[in-house]
Amino acid sequence: MSEASSQCIALIGPSGAGKSTVGRRLAQQLGWNFMDLDSLIEKRAGMLTSAIFAQEGELGFRDRESAALVEALEITPLVIACGGGVISRMFNRSILREQTWCVYLTSNIETLATRISRDEENLRPLLADAMVERLAVMVGERRPIYASLANWTIHTDQIQSTVVADEIVRAWHLSQHAAPTEVRVHGGTYQLKNGAYAGLPDELARLGLGGACWLISDDQVGPRYAKQVQAALTGAGFKCEMIYIPAGESSKSLQQAEALYTWLLEHGVQRGDTVLALGGGVVGDLAGFVAATILRGIAVVQLPTTILAMIDSSIGGKTGINHPRGKNLIGAFHQPQLVLVDESVLHSLPRRERAAGWAEAVKHGVIADAALFEDLERAAGTLNDLPAEQTRDLLLRAAMVKIGVVNRDERELGERMLLNYGHTLGQAIEVATGYTRYLHGEAVAIGMTFAAELAVRRNLWSAIDADRQRMLLEALELPTSLPADLDLHQTLAGLNLDKKRANGVVRWVLPSAIGSAFVDTHVPPALVQEVLEEWLGQVAG
Ligand SMILES: NC(=O)c1ccc[n+]([C@@H]2O[C@H](COP(=O)([O-])OP(=O)(O)OC[C@H]3O[C@@H](n4cnc5c(N)ncnc54)[C@H](O)[C@@H]3O)[C@@H](O)[C@H]2O)c1
Ligand SMILES: [Zn+2]
């Protein structure tokens, strides 16, 4: 939508998604005009849609539809419910895109079929199976077009139209008072915007970082995006050297750090230079650590490319490498001058990596932001094909939780510990399974489900909310149960060696409500063992 024309909300999507009902309520809530496009067409034609189709064919109907759309958009402010096929014409698509804020309402096929047959009860009997199939094909063909037009998407299955209308009002206000894309973090700023890399030279200049740039990426991300960053920099007169490390956790090693030191020193790195970390958490942690330690520390800019890195690891200044005795045992706090996020790079991120990243967003929702949790619930089924605006909104809000916590407790003396929610058991599972079976976020998903169970057993959290969390994680395609062959003793030993122990007590982060959590140092080890045994029994049995 163009910025100037914010006074028209168009509801698009298949018939049966609830556009007219929701549209009417929405207009009422906003105090705006409401127009049902099909009704306007019928009024102007003086006959019913079915008669127009019979007499003039689809072509005739579509001509009338385009004319009616143009006529309707003269009215402001306006909520307009469009027919399912409005998006078939390029002309209509371009005026919707330019003049309206488009909300895509969608439902699963069964719901659509039921609603259509209910609406048209008097006209024809219940939809036959063949019709459901035809509907599925049509919806399948149109879905990408709806999605490409949408500024916001809502699944209307089992949600009352008033709730859908509320959600649209909320989303519309969000879009109007565009969420800040720039946030202050310790040591610098956090920016999230599309096409962000092009702005990197200006940002460096603004920060007074005029030295050479040392771009560190991995062999999966580098070939895709590093040239673009380098070109932006060299085009603006910066010197920019690049290097790719092998992708994967094993690169967070002293050997790899040494290789980077050698590369930097041989190419003449200086105190006023900047390391650019382009990649996921592995690149961010390693490059950050190298920047923290070479020449006693030079500037680092984080350019995170995974969801996990965008909302978690790039923020907060923890950098480090692994030791054969454990993960992240060698490290330093080194705040980035800037975290620059271009979420368009996520399109190439593998599906499993995405889900694992969203697990940390769920964590942020549970420990500190109930609205974020609810929005993740609403978006869960479609997180992979949300409109960019909506993805950016969720990422930014998930990042804000971490930014808020870190800004208040940089050195993890109190509140920052809450970020370890799900990580106590999660890390023990990662260790017990040799880091190969689960992605970090997957292990955290299991860990959060387990911590939730402990909270419920201790009467500290409601079973209903714990269930909501489990269902959300599962909707995100994340695991929530223990692998049947998990070694119980090794896992228990892992819990006791947890570096989050204080004075010999394991500190469990437990939720007390969706949106708030606390550190519980009184969880009886026997309870932990009991629940672990039960879960393993359940899985095996
Ligand atoms: N510093 C912190 O505060 C902090 C917090 C959480 C996690 N971490 C660390 O982060 C690391 C995990 O980070 P991660 O989950 O981002 O993993 P990662 O860096 O290993 O990236 C995952 C995989 O996705 C690939 N990839 C990344 N971006 C891509 C893109 N846009 N398109 C295609 N492929 C892409 C990578 O090459 C890699 O193979 C762990 O080492 C963990 O210890 C650090
Ligand atoms: Zn984590």
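Since the structure is predicted, the reported quantities are computational estimates derived from the model, not experimental observations.

What to know about the overall build of the protein chain
Working step 1: Counting secondary structure elements, the protein chain contains 20 helices and 16 strands.
Working step 2: The principal-axis extents of the C-alpha atoms in the protein chain amount to approximately 80 × 65 × 40 Å.
Working step 3: Looking at the protein chain as a whole, 53% of its 541 residues qualify as buried.
Working step 4: In the protein chain, once contacts between residues fewer than 6 apart in sequence are set aside, the share between residues at least 24 apart is 76%.
Working step 5: Summed over its atoms, the accessible surface of the protein chain is roughly 23200 Å², and 52% of this surface lies on carbon and sulfur atoms.
Working step 6: The centroid of the 49 positive side-chain charges in the protein chain is displaced by 3 Å from the centroid of its 62 negative side-chain charges.

Re the sheet that holds strand E2 (residues 33–36)
Pairing between the strands of a sheet is mediated by backbone hydrogen bonds and can be parallel or antiparallel.
Working step 1: Read from one edge of the open sheet, five strands run E2-E3-E1-E4-E5, paired in parallel fashion. Each edge of the sheet is formed by a strand with only one pairing partner; in this case those strands are E2 and strand E5 (152–155). On average, each strand axis in the sheet is inclined to that of its neighbour by 20°, with strand direction left out of account.
Working step 2: Bridge count between strand E1 (residues 8–12) and strand E4 (residues 101–106): four bridges; the pairing is parallel. The residue bridging leucine 11 from the neighbouring strand is valine 103, located in E4.
Working step 3: Seen against the sheet, helix H1 (residues 19–30) touches E1, E2, strand E3 (78–81) and E4 and runs at an angle of roughly 160° to E1.

Observations concerning the packing of helix H13 (residues 351–368) against helix H15 (residues 388–408)
Working step 1: Direction vectors running N to C along H13 and H15 enclose 60°, while the axes themselves pass 9 Å from each other. Considering the angle they form, H13 stands oblique to H15. Crossing handedness for the pair H13 and H15: left-handed. Contacts between H13 and H15 involve Trp358, Ala361, His364 and Ala368 on the former and, on the latter, Thr391, Leu394, Leu395, Ala398, Val401 and Lys402.

Quick notes on helix H2 (residues 37–45)
Working step 1: Listing the buried residues of H2 in full gives Leu37, Leu40, Ile41 and Ala45. Buried residues along H2 cover an arc of 125° about the axis, so they all sit on one side.
Working step 2: Those residues of H2 hidden inside the fold are in contact with E2, helix H3 (49–72) and E3.
Working step 3: Where H2 terminates, the next one or two residues include glycine 46, which has phi positive at roughly 70°.

Some points on the coordination of the zinc ion (ligand 2)
Working step 1: Binding of the zinc ion (ligand 2) to the protein goes through Glu360 (OE), His423 (NE2) and His440 (NE2), at separations of 2.0 to 2.1 Å.
Working step 2: By relative accessible area, which is 22% here, histidine 440 ends up partly exposed.

Details of the pairing of strand E14 (residues 338–341)
Working step 1: Residues Leu338 and Leu340 line one face of E14 and the alternating positions Val339 and Val341 line the opposite face, and both faces are buried.
Working step 2: Where strand E7 (residues 188–192) lies against E14, four bridges are found, and the strand directions are parallel. Along E14, the bridge assignment pairs tyrosine 190 with valine 339.
Working step 3: Strand direction decides the pairing type here: strand E11 (residues 299–304) and E14, joined by two bridges, are parallel. Along E14, the bridge assignment pairs valine 301 with leucine 338.

Focus on the packing of H1 against helix H7 (residues 161–176)
The packing of two helices is summarised by the inter-axis angle and the distance between the axes.
Working step 1: In contact at an axis separation of 9 Å, H1 and H7 are set at 55° when each is read in the N-to-C sense. Here H7 runs oblique to H1, going by the angle between their axes. H1 and H7 meet at a crossing whose hand is right-handed. Contact residues: Thr21, Val22, Arg25, Leu26, Gln29 and Leu30 in H1; Ser161, Thr162, Val164, Ala165, Asp166, Ile168 and Val169 in H7.
Working step 2: Classifying every residue of the contact of H1 with H7 by side-chain character gives seven nonpolar, four polar and two charged.

Here's the deal with unusual backbone geometry
Where the residue is not glycine, phi is negative for most of them; where a peptide bond is considered, it is trans in most cases.
Working step 1: Here the bond from threonine 76 into proline 77 is cis, since omega is -15°, no more than 30 degrees from zero.
Working step 2: If you check the backbone angles, tyrosine 435 has positive phi at about 65° while not being a glycine.
Working step 3: Position of tyrosine 435 among the secondary structure elements: in the loop between helix H16 (423–432) and helix H17 (440–457).
Working step 4: Phi at asparagine 459 is positive, roughly 55°, even though this residue is not glycine.

Regarding the pairing of strand E16 (residues 516–520)
Working step 1: Pairing between strand E15 (residues 508–513) and E16: five bridges, direction antiparallel. Looking at the pairing, valine 509 lines up with valine 519 of E16.
Working step 2: Between the antiparallel neighbours E15 and E16 lie two residues, among them glycine 515 with a positive phi of about 110°.

Here's the deal with the site of ligand 1
Working step 1: Neighbouring ligand 1 are 26 residues; Asp218, Glu249, Gly281, Thr306 and Ser348 lie closest to it.
Working step 2: The side chain of asparagine 328 places a nitrogen or oxygen atom 3.4 Å from an oxygen atom of ligand 1.
Working step 3: For ligand 1, the protein covers 88% of the area, taking 860 Å² as the surface of the free molecule.
Working step 4: Contributions of two or more residues to the shell around ligand 1 are made by helix H9 (222–235), helix H11 (281–293), helix H12 (307–313) and strand E13 (326–333).
Working step 5: Here the shell around ligand 1 is composed, by residue class, of eight nonpolar, eight polar and ten charged.

Here we look at the packing of aromatic side chains
Working step 1: Evaluated as defined, the whole model comprises seven aromatic pairs.
Working step 2: Taken together, the ring pairs in this structure connect Phe450, Trp508 and Trp535 into an aromatic cluster.

Quick word on the sheet that holds strand E8 (residues 213–218)
Working step 1: Reading across from one edge, E6-E7-E14-E11-E10-E8-E9 is the order of the seven strands in this open sheet, with mixed pairing throughout. The outermost strands of the open sheet, each flanked by one partner alone, are strand E6 (182–185) and strand E9 (240–245). Across the sheet, the mean angle separating the axes of adjacent strands is 20° when strand polarity is ignored.
Working step 2: Against the sheet, H9 contacts E8, E9, strand E10 (274–279) and E11, and its axis sits at roughly 170° relative to E9.
Working step 3: Contacts from H11 reach E8, E9, E10 and E11 within the one sheet, and its direction differs from that of E10 by about 165°.

What counts, and at which threshold
- Residues numbered from 1 in each chain as written.
- Chains lettered and ligands numbered in written order.
- Predicted model: local features only at pLDDT ≥ 70, side-chain atom pairs only at ≥ 80, totals over all residues.
- Heavy atoms only, no water.
- Helix = DSSP H or I, 4+ residues; strand = E, 2+ residues; numbered from the N terminus.
- Buried < 20%, exposed > 50% of the residue type's maximum accessible area, 1.4 Å probe, protein only.
- Contact = heavy atoms within 4.5 Å.
- Areas by Shrake-Rupley, 256 points an atom, 1.4 Å probe, with all protein chains shown as cover.
- Lys, Arg positive; Asp, Glu negative; His and termini not counted.
- Charge placed at Lys NZ, Arg CZ, Asp CG, Glu CD.
- Pairing = 2+ DSSP bridges.
- Axes fitted to C-alpha atoms, helices over the stretch in contact; angles between N-to-C directions.
- Parallel < 35°, antiparallel > 145°, perpendicular 65-115°, else oblique.
- Left-handed = near helix turned anticlockwise from the far one by under 90°.
- Arc of directions from axis to C-beta.
- Donors = N, O, S within 2.8 Å, 3.2 Å for Na, K, Ca; no water.
- Nonpolar A, V, L, I, M, F, W, Y, C, P; charged D, E, K, R; others polar.
- Near = heavy atom within 4 Å.
- Polar contact = N/O pair within 3.5 Å; in protein donor to acceptor, adjacent residues only side chain to side chain.
- Phe/Tyr/Trp six-rings, centres within 6.5 Å; stacked < 30°, edge-to-face > 60°.

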